[in-house]
Amino acid sequence: MLLPEASSFAPLEDFALRQRFIDPSSGSIAAHFRDRLRPLAGAAAAAIAQEATARCPDAGAFEVTFRSDDSPGLVQSRLHGLGLTDAAPVIVSWDPATALVTEWGVFAAHWGDFCYPAADNVCIWPVAGNWRLCYRRYEVFQFTGGSRES
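Every chain's residues receive numbers from 1 upward, in the order its sequence appears when written. Owing to the predicted nature of the model, reporting of local features is limited to residues with pLDDT of at least 70; listing and counting of side-chain atom pairs is limited to 80 or more, with chain, interface and lining totals taken over all residues. Side-chain metrics in this entry use all non-hydrogen atoms of the structure; hydrogen atoms and water are not considered.

Q: Please explain the environment of S93 as it appears in this structure.
A: For the purposes of this entry, the term helix denotes a DSSP run of H or I that reaches at least four residues, the term strand denotes a run of E that reaches at least two, and both are numbered from the N terminus. Structurally, S93 can be placed in strand 3 (residues 89-95). Throughout, exposure labels follow a simple rule: accessible area from a 1.4 Å probe, protein chains only, divided by the maximum for the residue type, with under 20% read as buried, over 50% as exposed, and the rest as partly exposed. The class for S93 is buried, based on a relative accessible area of 4%. Any two residues having at least one pair of non-hydrogen atoms within 4.5 Å are treated as being in contact. Excluding its chain neighbours within four sequence positions, the residues that come into contact with S93 are I48, A52, T98, A99, N121, V122, C123 and W125.

Q: Whenever I open this one, the state of the cysteines confuses me. Can you help?
A: Formally, a disulfide is one covalent bond, and it connects the sulfur atom of one cysteine to the sulfur atom of another. Any two cysteine sulfur atoms within 2.5 Å of one another count as a disulfide. Counted according to the given criterion, the structure contains one disulfide. Two residues, C56 and C134, share a disulfide whose sulfurs are 2.0 Å apart. As the torsion about the S-S bond is roughly -95°, the C56-C134 disulfide counts as left-handed. Residue C56 is located in the loop between helix 1 (42-55) and strand 2 (64-67), and its partner C134 is located in strand 6 (residues 132-136); the two are separated by 78 residues in the primary sequence. In this structure, C56 and C134 share a single accessibility class: buried. A disulfide-free cysteine, C115 has its sulfur positioned 10 Å from the sulfur of C56, the nearest such atom. According to the relative accessible area criterion, C115 is buried, its value standing at 2%. The thiol of C123 is not disulfide-bonded; the next cysteine sulfur, from C56, is found 3.2 Å away.

Q: Can you help me understand unusual backbone geometry in this one?
A: Peptide bonds are, in most cases, trans, and in most cases residues other than glycine have a negative phi. Non-glycine residue D35 carries a positive phi angle of around 65°. Within the secondary structure, D35 sits in the segment before strand 1 (38-39). Judged by relative accessible area, which is 76%, D35 ranks as exposed. The backbone of E139 sits at a positive phi, close to 70°, despite the residue not being glycine. In this structure, E139 sits in the loop between strand 6 and strand 7 (140-144).

Here it is in structure tokens:
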């Protein structure tokens, strides 16, 4: 998949999950997210939803599975241990109306802001590459990948 065109993006202020990325002390987007979250407009999010569903089927073969209810540092270490490039652009898709583009390093460092237990099923995949990471609302990450260089 290629990086969506500039017209495919929407302002962060309009993003349905914007509140997750707010710094409580300032009431604005946290500095580590500023200019690093690019929400997809509704039509663009809907256009990739079928791909997200195909990449994260309910049953499938995954190379790595781990719990997300371990300590946040351990989960972050496991995500970084997948060997993916921090600067690689990734798509994060929650549902047909909600998706964004960020960098793998941003997702891995702040995964808890992207993945809420009991609320989210999230599919993460690179703009260029074959791997996929699925977060299940029952607090499990599942990973499989072709080339991990992206």
